[in-house]
Amino acid sequence: MKISLDEAAKLLKDAQTIILTSHIRPDGDSVGSTLGLMHFLRAQGKDAHVFIDDEIPRIFNVLPGVETIARPEEGLRYTADLLVVCDVELKRTGAVVPSVDAVHVLNIDHHVTNDEEAEFLYLNSDDAATCEIMHDLILQMGGTFTLDIATCLYTGIATDTGFFRFSNTTPHTMRAAADFLEIGVKQSKIAVAMEMKSYDEVMAQVKAIRNLEMFYDGRVAAVFIDEEKAREVTTTEGLLDKLRVIEGTQVVFFMKWLEKDTYRVSMRSKGPNVSRIAQGLGGGGHIRAAGCTLYGSFDEAKQTILAAIGEELNR
């Protein structure tokens, strides 16, 4: 059931024990929104904890409280007055949602592709990031921003907007970011941390880009990472930013092997609706940034995603 921001605030105010979670393969917005809200709730005297069913990339070590994020233990049951799922619908949280017995479930998201299956859903697809929603939610609850809260929420906004370069950046986005900067957030420190890679990671991405392929008369640029290459390309963070600068491209993407007959696709667009492509393949996201998981052989997955993109380009 869709609810208002005020109704979401009331659910949080009425709960004492709160578990927060987000999607597997966590990014800046998922980690930032859960940690930022956790810091605020703890300051209100609530028992709040973050569970994410995946490894947290080390670039997020810059965020205060990241060390408190836990992974659900197999076989254990967790109880809470409220389970808050941030930046994703319930089905993409891995083992967290199935392992929590909560009185109520609140989903806070900005993805237009949200399946709306949650008991309570606050969705604002006009916001560039779930961290932008958290900015308004905390103000709605009469709260203020500490430096810890501001650092976490700024990071989610910055990363989901490409540090304010993407078309999802609005005046409200900038005002929210400015509020956090006024608290004392060191934006340069966050920017450096988000871009940090080891020598091996840089060389792995160089190898990946060497396999760059162009399709549809140069309108599509893609990197395909099969099982063998995936052993070397341990991170794809920032890879699409390097592809999207290619002149003439409308869609850039990579397809990376995850496990047997399973591939992760991540897309960025300068015009075409990649969210529609992803939804048609069981995924989701935004008009300009989306992803999905494909199943089958490498060649089958490659042909599937290229055909789907071609169909969208010809609309």
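In this text the structure is predicted, and so the values were computed from the model without any measurement. Every chain is numbered independently, its residues counted from 1 as its sequence is written. Confidence filtering applies because this is a predicted model: local features only for residues at pLDDT of at least 70, side-chain atom pairs given and counted only at 80 or more, and all residues used for totals across whole chains, interfaces and linings. Note that water and hydrogens are dropped before the side-chain values are worked out from all heavy atoms of the structure.

Peer 1: Tell me what's going on with the state of the cysteines, and back it up with residues and numbers.
Peer 2: The disulfide definition used here is simple: a pair of cysteine sulfur atoms within 2.5 Å. Taken as a whole and assessed by the stated rule, the structure comprises zero disulfides. Here Cys 131 is not cross-linked by a disulfide; its sulfur's nearest cysteine counterpart is in Cys 152, at 7.9 Å. Cys 131 gets classed as buried once you look at its relative accessible area, which sits at 0%. Note on exposure labels: buried denotes an accessible area under 20% of the residue type's maximum, exposed denotes more than 50%, and partly exposed covers the range between, all computed with a 1.4 Å probe on protein chains only.

Peer 1: I'd like a description of the sheet that holds strand 8 (residues 251–259), backed by residues and values.
Peer 2: A pair of strands is labelled paired if DSSP reports no fewer than 2 bridges between them. Each helix corresponds to a stretch of at least 4 residues labelled H or I by DSSP, and each strand to a stretch of at least 2 residues labelled E; elements are numbered beginning at the N terminus. Reading across the sheet, the six strands line up as 6-7-8-9-11-10 and stay open at both edges, with mixed pairing between neighbours. Each edge of the open sheet is held by one strand with a lone partner, namely strand 6 (213–215) and strand 10 (284–285). As paired strands, strand 9 (residues 262–269) and strand 11 (residues 289–295) are joined by seven bridges and run antiparallel to one another. Note on strand 11: the bridge partner recorded for Thr 262 is Tyr 295. Strands in contact with helix 12 (residues 298–313) are strand 6, strand 7 (220–225), strand 8, strand 9 and strand 11; relative to strand 8, the strand with the most contacts, it is inclined by about 155°. It only takes one pair of heavy atoms within 4.5 Å for two residues to be counted as in contact. Every axis in this analysis is a line fitted to C-alpha atoms, fitted for helices over the stretch in contact. Angles between the N-to-C directions lie between 0 and 180 degrees.

Peer 1: Talk me through the UniProt feature "domain: DHHA1" (unreviewed entry) in the protein; I want residue IDs and the actual numbers.
Peer 2: UniProt positions are given in the numbering used here, feature names are shortened, and annotations may be inferred rather than shown by experiment. Mapped onto this numbering, the UniProt entry gives "domain: DHHA1" (unreviewed entry) at residues 234–312. Each end of residues 234–312 is marked by a C-alpha atom, and these two atoms are 30 Å apart; helix forms 34% of the span and strand 33%.

Peer 1: Which residues make up the pairing of strand 7, and what values do they have?
Peer 2: Each regular strand shows side chains that alternate between the opposite faces of the sheet. Counting buried residues along strand 7, six of its six residues qualify, which places the element largely inside the surrounding structure. Side-chain alternation along strand 7 places Val 220, Ala 222 and Phe 224 on one buried face and Ala 221, Val 223 and Ile 225 on a second face that is also buried. Where strand 6 lies against strand 7, three bridges are found, and the strand directions are antiparallel. When the sheet's bridge partners are listed, Phe 215 is paired in strand 7 with Val 220. Of the pairings in the sheet, the one linking strand 7 to strand 8 comprises six bridges and is parallel in character. Within strand 8, the position partnered with Phe 224 by the bridge is Met 255.

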